[in-house]
Amino acid sequence: MAYLSRAWSTPLSRFTNRHFASLVYSEEVCQAKTDKKPIVALESTIITHGMPYPKNLETAFQVEEVIREKGAIPATIAILKGQLTVGLSKTQLEYLAKAKGVIKASRRDMAPVMAKKMDGATTVAGTIIASELACIPVFVTGGIGGVHREGHNTMDVSADLTELGRSRTLVVCSGVKSILDIGRTLEYLETQGVTVYSFGDSQDFPAFYTTRSGFKAPYQASDATQAAKILYSSHKLQLSSGIVVAVPVPVEHAMDANKIEAAIKSALVDANKLGIQGKEVTPFLLAAVSKATGGESLAANIALIKNNARIGADIAVQFQKLRNAGDFDKDFNIGNTKTRKCKTDTKRQYHTCAETGGNSDVDNGDVLVVGGSNVDRTFRIIEGNVRQDGSTHPCKSEHCGGGVGRNIAEALWRMRNGRVRLLTTIGNDEDGNYLQNIAPGLILDGCVINNARTAKYAAVFDGKGECILGLGDMDIHDCISIDLVKKHLDKLKTAPLIVLDGNIPLSTMEYILKICNEYKKPVFFEPTDRRKAIKPLKGSFQISFASPNILELRAMANFINPHSKLDYQSEVEEICSLGAIVSNVVNHLIITRGSKGVITMKRLKDAPTQLQVRSYSGEIINTIENVSGAGDCFASGYLHGVFLGLEEDSLISFGFQAARDALLSKETVPRKFDISKDFEGIKCTETWIHSF
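None of these values were measured; they are calculated from a predicted model. (Residues numbered from 1 in each chain as written. Predicted model: local features only at pLDDT ≥ 70, side-chain atom pairs only at ≥ 80, totals over all residues. Heavy atoms only, no water.)

Caption draft 1: Up close: the environment of N385. Looking at the secondary structure, you find N385 in the loop between β17 (374-381) and β18 (395-402). With 78 residues separating them along the chain, N385 and G463 place their C-alpha atoms 8.1 Å apart. (Helix = DSSP H or I, 4+ residues; strand = E, 2+ residues; numbered from the N terminus.)

Caption draft 2: Representation of the nonpolar core. Counting 93 residues, the largest nonpolar core has I498, L500, I512, M601 and Y638 as its most contacted members. If you look at the next biggest cluster of nonpolar residues, it comprises 44 residues, including I46, A224, Y232 and I302. (Core = buried A, V, L, I, M, F, W, Y, C linked by side-chain atoms within 4.5 Å. Buried < 20%, exposed > 50% of the residue type's maximum accessible area, 1.4 Å probe, protein only.)

Caption draft 3: Seen up close, the pattern of salt bridges. Under the defined criterion, the tally for this structure stands at 26 salt bridges. Residue E28 pairs with R68 through a salt bridge whose shortest N-O separation is 2.9 Å. With E28 in helix α1 (residues 27-34) and R68 in helix α3 (residues 55-69), the pair connects residues that are 40 residues apart, well separated along the chain. E28 sits in the partly exposed class, given a relative accessible area of 31%. On the basis of relative accessibility, which here comes to 29%, the residue R68 falls in the partly exposed class. Linking E58 and K55 is a salt bridge whose minimum nitrogen-to-oxygen distance equals 4.0 Å. Here the residue E58 and the residue K55 both occupy positions in helix α3, the gap between them amounting to three residues, near one helical turn. Sharing partners across several salt bridges, the network here consists of E28, E64, E65 and R68. (Salt bridge = Lys/Arg side-chain N within 4 Å of Asp/Glu carboxyl O.)

Caption draft 4: How the structure looks around helix α10 (residues 224-236). Taking 1.5 Å per residue, 13 residues should reach 18 Å; α10 reaches 18 Å between its end C-alpha atoms and fits that length. Buried residues of α10: A224, A227, A228, L231, Y232, S234 and H235, and no others. Along the axis of α10, the buried positions cluster into a sector of 160 degrees, meaning they face one direction only. Measuring from the side-chain oxygen of the N-cap residue of α10 to the backbone nitrogen of T225 gives 3.3 Å; that N-cap residue is D223. (Expected span 1.5 Å × (residues − 1). Arc of directions from axis to C-beta. Polar contact = N/O pair within 3.5 Å; in protein donor to acceptor, adjacent residues only side chain to side chain.)

Caption draft 5: Quick peek at the packing of helix α19 (residues 550-560) against helix α20 (residues 571-582). Here α19 crosses α20 at 50 degrees, and the two axes come no closer than 9 Å. The orientation of α19 with respect to α20, classified from their angle, is oblique. The handedness of the crossing between α19 and α20 is left-handed. Packed against α19, whose contacting residues are I550, L553, R554, M556, A557 and I560, the element α20 presents E574, I575, L578, G579, I581 and V582 at the interface. When the residues that make up the contact of α19 with α20 are grouped by side-chain class, the tally is nine nonpolar, one polar and two charged. (Axes fitted to C-alpha atoms, helices over the stretch in contact; angles between N-to-C directions. Parallel < 35°, antiparallel > 145°, perpendicular 65-115°, else oblique. Left-handed = near helix turned anticlockwise from the far one by under 90°. Contact = heavy atoms within 4.5 Å. Nonpolar A, V, L, I, M, F, W, Y, C, P; charged D, E, K, R; others polar.)

Caption draft 6: View of unusual backbone geometry. Of note, the bond from Y53 into P54 is cis; its omega dihedral lies within 30 degrees of zero at 10 degrees. Relative to the helices and strands, P54 is located in the loop between α2 (45-48) and α3. Look at K81: it is not a glycine, yet its phi comes out positive at around 50 degrees. By the element assignment, K81 lies in the loop between β3 (73-80) and β4 (83-86). Note on K81: relative accessible area 54%, which makes it exposed. Here K117, not a glycine, exhibits a phi torsion of approximately 55 degrees, which is positive.

Caption draft 7: Expanded view of helix α6 (residues 124-134). Buried residues dominate α6, accounting for ten of its eleven residues. The complete set of buried residues in α6 reads V124, A125, G126, T127, I128, I129, A130, S131, L133 and A134. The residue sitting at the N-terminus of α6 and contributing the capping side-chain oxygen is T123; that oxygen lies 3.3 Å from the backbone nitrogen of A125. Taken from the residues just after α6, C135 is the one with a positive phi, measuring 60 degrees.

Caption draft 8: The environment of G165, seen in detail. Locating G165 in the fold gives a position in the loop between α8 (159-164) and β8 (170-173). In this structure, the C-alpha to C-alpha distance between G165 and G242, residues 77 residues apart in sequence, is 5.9 Å. Beyond its immediate stretch of four places on either side in the chain, G165 contacts Q192, V194, S240 and S241.

Caption draft 9: Region of the structure containing a nonpolar patch on the surface. On the surface, I468, L469 and L471 cluster together into a nonpolar patch covering about 260 Å² of accessible area. With respect to the element layout, L471 can be found in strand β23 (residues 467-473). (Patch = residues over 30% accessible without salt bridge, like charges linked within 9 Å, V, L, I, M, F, W, Y side chains within 5 Å. Areas by Shrake-Rupley, 256 points an atom, 1.4 Å probe, with all protein chains shown as cover.)

Caption draft 10: Here's a closer look at the sheet that holds β18. Strand order in the open sheet formed by four strands is β18-β17-β22-β23, and the pairing between neighbours is mixed. The open sheet terminates on both sides in strands that have one partner only, identified here as β18 and β23. Here the strands of the sheet are splayed against their neighbours by 15 degrees on average, with no regard to which way each runs. Direction of pairing for β17 relative to β18: antiparallel, over a ladder of eight bridges. By the bridge assignment, T378 is partnered in β18 with E398. Contacts between helix α15 (residues 430-438) and the sheet are confined to β17, β18 and β22 (455-461), with β18 contributing the most and set at about 65 degrees to the helix. (Pairing = 2+ DSSP bridges.)

Caption draft 11: Structural detail: the confidence of the model for the protein chain. Of the residues in the protein chain, 86% have a pLDDT of 70 or more, and the chain-wide mean is 83. Segment residues 1-21: pLDDT under 50, and 113 contacts once partners within four positions in sequence are set aside and those in other chains are kept. In the predicted structure, residues 327-364 sits below a pLDDT of 50 and forms 125 contacts with residues beyond four places in sequence or in another chain. (pLDDT = per-residue confidence, 0-100.)

Caption draft 12: Just the sheet that holds strand β25 (residues 523-526), in detail. The strand order across the open sheet formed by nine strands is β19-β16-β24-β25-β26-β27-β28-β29-β30, and the pairing between neighbours is mixed. Two strands in the sheet have a free side with no partner beyond their single neighbour: β19 (420-423) and β30 (684-691). Within this sheet the neighbouring strands show an average axis-to-axis angle of 20 degrees, counted without direction. Bridging between strand β16 (residues 367-370) and β19 involves four bridges; their strand directions are parallel. Across the sheet, V370 pairs through a bridge with L423, a residue of β19. Most of the contacts of helix α14 (residues 404-415) go to β19, to which it runs at about 165 degrees, and overall it touches β16, β19, β24 (498-501) and β25. Contacting β16, β24, β25 and β26 (543-546), helix α18 (residues 506-518) crosses the sheet at an angle of about 160 degrees to β24.

Caption draft 13: View of the pairing of strand β28 (residues 598-604). Sheet topology places strand β27 (residues 586-592) next to β28; five bridges connect them, and they run antiparallel. Counterpart to I590 in the pairing with β28 is T600. Adjacent in sequence and paired antiparallel, β27 and β28 are bridged by five residues, among which G594 carries a positive phi angle near 60 degrees. Relative to strand β29 (residues 607-616), β28 is paired through seven bridges, and the arrangement is antiparallel. Note that in β29 the partner of V598 across the bridge is Y616. Taking the residues between adjacent antiparallel strands as the criterion, β28 and β29 are bridged by two residues.

Caption draft 14: Examining the packing of aromatic side chains more closely. Inspection of every chain in the model, using the stated rule, returns five aromatic pairs. Residues F208 and Y209 carry aromatic rings whose centres are separated by 4.7 Å and whose planes lie at 70 degrees to one another, so their mutual orientation is edge-to-face. Taking 5.7 Å as the distance between ring centres and 55 degrees as the angle between the ring planes, the aromatic pair formed by F634 and F656 counts as tilted. Of the two residues, F634 sits in helix α21 (residues 630-643) while F656 sits in helix α22 (residues 648-663), which places them 22 residues apart along the sequence. (Phe/Tyr/Trp six-rings, centres within 6.5 Å; stacked < 30°, edge-to-face > 60°.)

Pasting the structure below:
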């Protein structure tokens, strides 16, 4: 099975990933990512549904300027003509402030709005989703949604609360809007695991227009530094729930609580009479309260959002300092590339940033995978006796995306929320279109070759699931040329990690390795088979990671040292001896052993003639749907753990869990991965030092 992944028998557990949505970054935001500057996300419903024109536009400009003055970069988020946009220009803000019929876009609305290429103003929930995709940890708004009054009867609960419960975003607000049931909202946030704390000298939880709601926040942060430390600790713990920072409205702009309550009750009666429901309730009530208070509530709203912007920017600045000071896999230099460029693809309006440095739990740039893509077709014979005499055997046939490089890229694309690009070659045919549609935006522009066939692999399995025949039409892989790489040289130079499979031509591989060594870029090499495993060894290049099986390890060691010992007392002894030879070229070896598990090897920095060897046992899985992509998904799970800054035990665990997902899926790469850092099914069974 040279062109499919090696089979695996391994385990898995739970991790919910968010599907990738293509983002457009403004030049300012993109440059901020490149330069590791703090960024503050801003919602857009406050522009379209929260204030009348021209106050909405004036406030939007003023809030953004407040954030810049505090040393951070504002990123107002909206959906414009179906494109999720992070950071709006002045022209775009003006357009949004005047536009009619803009959809109020929460989680449920975002996909339809984008699919229909409409305009959408993101709510708190929608902005949190975009912030997570864009890796912006701090978000400033006026007030969050909550449990509506009579919500215990109507079940009218804002999606903001559930979104806070499944994100890692810190939201700076002036508490919950006064029109809501604040007590039940706080209870709901507690149920969702959301950390709530008041900001300043008091533990009183504010009520938007007023400094007190009659309720206490569970925690209190006196200043921005303390708030940033809470966020930093939350990220270090890999908590998947958010944080609410409740900032009271400035005292000089606070309103009389009795006056506000009377206006709200009157507005609620009117809303009920008019039959206003759902997401239209909040803007109606805010407008009614503003009218009832003679515009006083609007002035308070503007004052509090500016104040929140100052505090949110301060928190973002302090958090960025903590993040920049953190370690991020320094051994492999991931996320610490010296190159600082921002490339704008004007055709697709997609900005790729070199996000240099950062905390270990923050995504850093787009990984570049260079390798083969093909369509896999499998034929499973349902008879027990297979005769190779020209007889026709009944079978079940299936097809899915394949190719080692493509499989790794798609799996990592799903785990990293789309922060992966694939440089490959496909034909301008039906199979090529099929591969592009599996993961839109994954394959780089210019990879379609006219008048060429997309690579195909066909495998015939007997009734026991064993492959008895494999056929490959892979000539198009030879078109992964140096010239094609040069067209995407910016992607190569700004990527935090390069993944290579053994299918690409030798000349192309050596060209890429030369650049990677020059720029000190970590490289993960997936051999694909023993004949191709020796390709990167033909030059004087250093490789960060490689994941050979025992046959590929033998080929690599024998190429480096043709006179190495061939007789060993055990497989483990052989692996150690061969690994010692290959470790001259590969910093970290992950030797895959199928159902036996994995052995990892790396040289000790203070003892160059010694290897640290660790053995991990695997788990036999009796019910297997597809063996084709398990090895590739293992590699992707391992690399996903590297980007999260995890220890080796967790890296291997992530790999095993991803591999098991693949084994249980009919597709080569499952559409969803369930990976948990807390999974305890995989442990290191033995650690020792091998001297040579």
